[in-house]
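These are the residues of each chain, in order.
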Amino acid sequence: MPRVLHTAQALVDVILEVPALPPRGGNVNATSEQRYAGGAVTILVAAARTGAQAAHGGAHGTGPNGDLVRSVLEEAGVQVSDEPRPDDDTGYCVVLLEPTAERSFLTVYGAERSVTAASLARLDPQPGDLLCISGYTLFEPTRGPLLEFLDTVPRGVEVVLDPGEPFASFPTEVQDRVLERTTVWTSNADEARAFTGLDSLQDTPEALRRRIGQRAVVVVRDGSRGCIVFHHGRGTHIPAFPQKAVDTNGAGDTHTGVMLAERALGADWESAATRANAAAAIAVTRRGPQSAPTRAEVDEFLA
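Below or above, wherever it landed, is the structure these notes cover. Residue numbering note: each chain is counted from 1, following its sequence as written. The model is predicted, so local features are restricted to residues of pLDDT at least 70 and side-chain atom pairs to those at 80 or more, both for listing and for counting; the totals for chains, interfaces and linings are taken over all residues. To get the side-chain values, take all heavy atoms of the structure and skip hydrogens and water.

**Concerning the overall build of the chain**
Phase 1 of the analysis: The numbering of helices and of strands both runs from the N terminus, where a helix is a DSSP run of H or I of at least 4 residues and a strand a run of E of at least 2. Of regular secondary structure, the chain possesses 10 helices and 13 strands.
Phase 2 of the analysis: The reference for a compact globule is 2.2 Å times residues^0.38; the radius of gyration itself is calculated from the C-alpha atoms. Rg of the C-alpha trace for the chain: 18 Å, near the compact-globule value of 19 Å for 303 residues, within the 12% margin.
Phase 3 of the analysis: Judged by the C-alpha coordinates and their principal axes, the chain covers about 50 × 45 × 40 Å.
Phase 4 of the analysis: Exposure classes here rest on a 1.4 Å probe applied to the protein chains alone. A residue is buried below 20% of its type maximum, exposed above 50%, and partly exposed in between. With 303 residues in all, the chain has 55% of them scored as buried.
Phase 5 of the analysis: The criterion used for residue contact is that any of the two residues' heavy atoms lie within 4.5 Å. For the chain, long-range pairs separated by at least 24 residues make up 68% of all intrachain contacts whose partners lie at least 6 apart in sequence.
Phase 6 of the analysis: All accessibility values rest on the Shrake-Rupley procedure with a 1.4 Å probe; residue burial counts only the protein chains present in the view. Put simply, the chain shows about 12900 Å² of open surface, and 50% of that area lies on carbon and sulfur atoms.

**Describing the packing of aromatic side chains**
Phase 1 of the analysis: Stacked, tilted and edge-to-face pairs are distinguished by plane angle, under 30 degrees for stacked and over 60 for edge-to-face with tilted covering the rest, among Phe, Tyr and Trp rings (Trp via its six-membered ring) whose centres lie within 6.5 Å. Applying the stated criterion to the full structure yields six aromatic pairs.
Phase 2 of the analysis: Measuring from ring centre to ring centre gives 6.4 Å for phenylalanine 167 and phenylalanine 170, while their planes differ by 80°; the resulting arrangement is edge-to-face.
Phase 3 of the analysis: Ring geometry for phenylalanine 241 versus phenylalanine 301: centroids 5.5 Å apart, planes at 85°, classification edge-to-face. In this pair, phenylalanine 241 sits in the loop between strand S13 (234-238) and helix H8 (251-264) while phenylalanine 301 sits in helix H10 (residues 295-302), placing the two residues 60 residues apart along the sequence.
Phase 4 of the analysis: Its relative accessible area of 27% is what places phenylalanine 241 among the partly exposed residues.
Phase 5 of the analysis: Only when the NZ of Lys or the CZ of Arg is both within 6 Å of the ring centre and within 35 degrees of the ring normal is a charge said to sit over the ring. Taking the ring centre of tyrosine 109 as reference, the NZ or CZ of arginine 113 above it sits at 4.2 Å.

**Brief notes about the pattern of salt bridges**
When the charged atoms of two side chains lie near each other, side chains of opposite charge can form a pair.
Phase 1 of the analysis: We define a salt bridge as a side-chain nitrogen of Lys or Arg found within 4 Å of a carboxyl oxygen belonging to Asp or Glu. Counting across every chain of the model gives 14 salt bridges.
Phase 2 of the analysis: Among the ionic pairs, aspartate 129 bridges to arginine 3, the shortest N-O distance being 2.8 Å. One end of the pair, aspartate 129, is in the loop between helix H3 (117-121) and strand S8 (130-134); the other, arginine 3, is in strand S1 (residues 3-6), with 126 residues separating them in the sequence. Judged on exposure class, the residue aspartate 129 and its partner arginine 3 are both buried.
Phase 3 of the analysis: Here arginine 225 ties to aspartate 222 by a salt bridge, and the two come within 2.8 Å at their closest N and O atoms.
Phase 4 of the analysis: Salt bridges sharing common partners tie together Glu262, Arg275, Arg295 and Asp299.

**With respect to a nonpolar patch on the surface**
Phase 1 of the analysis: Here, patches come from residues exposed beyond 30% relative accessible area and free of salt bridges, joined within 9 Å for like charges and within 5 Å for nonpolar side chains (Val, Leu, Ile, Met, Phe, Trp, Tyr). The grouping of Tyr109, Tyr136 and Phe139 at the surface amounts to a nonpolar patch, some 290 Å² of accessible area in total.
Phase 2 of the analysis: Relative to the elements of secondary structure, tyrosine 109 occurs in the loop between strand S7 (103-108) and H3.

**Section: the pairing of strand S9 (residues 158-162)**
Successive side chains on a regular strand alternate, one facing one side of the sheet and the next facing the other.
Phase 1 of the analysis: Taking burial as the measure, the five residues of S9 include four buried ones, the bulk of the element.
Phase 2 of the analysis: Two elements, S8 and S9, share five bridges in a ladder whose sense is parallel. Counted as the bridge partner of cysteine 132 is valine 160 from S9.
Phase 3 of the analysis: Crossover connection from S8 via helix H4 (residues 143-150) to parallel S9: handedness right-handed.
Phase 4 of the analysis: For two strands to be treated as a pair, DSSP must find at least two bridges joining them. Across two bridges, the pairing between S9 and strand S10 (residues 184-188) is parallel. Bridge pairing links leucine 161 to tryptophan 185 in S10.
Phase 5 of the analysis: When the strands point away from the viewer and the path from the first strand over the helix to the second turns clockwise, the crossover is right-handed. Following the backbone out of S9, through helix H5 (residues 172-179) and into the adjacent parallel S10, one traces a crossover that is right-handed.

**Notes on the environment of aspartate 162**
Phase 1 of the analysis: By the secondary structure assignment, aspartate 162 is in strand S9.
Phase 2 of the analysis: A sequence separation of 155 residues divides aspartate 162 from threonine 7, and the C-alpha atoms of the two residues are 11 Å apart.
Phase 3 of the analysis: Beyond its immediate sequence surroundings of up to four residues, aspartate 162 is in contact with Ile43, Ile133, Ser134, Gly135, Thr186, Glu191 and Asp253.

**Details of the sheet that holds S13**
Phase 1 of the analysis: If you trace the nine strands from one edge of the open sheet to the other, you get S5-S4-S1-S8-S9-S10-S11-S12-S13, paired in mixed fashion. Pairing within the sheet leaves two strands with one partner each, and these edge strands are strand S5 (79-80) and S13.
Phase 2 of the analysis: All axes are obtained by fitting lines to C-alpha atoms, using only the stretch in contact for helices, and the reported angles, taken between N-to-C directions, cover 0 to 180 degrees. Here helix H6 (residues 189-196) sits on the sheet and contacts S9, S10 and strand S11 (217-221); the angle it forms with S10, its principal contact strand, is near 115°.

See below:
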């Protein structure tokens, strides 16, 4: 079976529920605090709960944050290909969660930024595998190791780019080097608009495919409106399953993890995206980034 592999950072999310964001220089009291393993962990756990084989190739630290990341991955059955870094702990991300379910982020770097091309190569991607890369890894100091590793990835590996917010801001030569190896783009609507410079969401998938290449599959998520899947020269709108959201943290990553797992299990892109939409709909009704449902829960939801 093809595997779902991830090269990006595994972090700990420290989620603080707040009544509203403080004004600049102001103060607000959090009403709750929760700690979860997040970042690449969310995608990999979602893939594993769907039934795919999954592995993490990013660096992780020695300390309470690294221990949390490893325990969550182990519980989900996700393989960890790299060894813990002995002198540093995994970093964390403070997430300010408002009553509207909107989130704001503050990230502190740690051991996850100490990857090398050699450490990423321990994932040993094979043709047919789905290899995830993140735009956030293209910041220094992880940009060089990721690009060096990408040059060694065998043809036939599906390279899945999750651009995140920063990808549109990187130099064109960096973008082109990544897109030359990309076969699948998956992003939210704002990220697609930012990269293409287009206001009309309907026009972004075709524009993305022109930039990446005709071989590419483009998936653009649009929240409660579902997603667009564009391949073989046509786009298909896959409707969502709107729910009352209590926490949108991890919903996009859940969508990506489930969609890629379904592909690994043999589904076509449209069927995979339908099940991913259902999984994301379930995820937003739960708190925390590890809110991805199991395959059985998605079956029950769709029934």
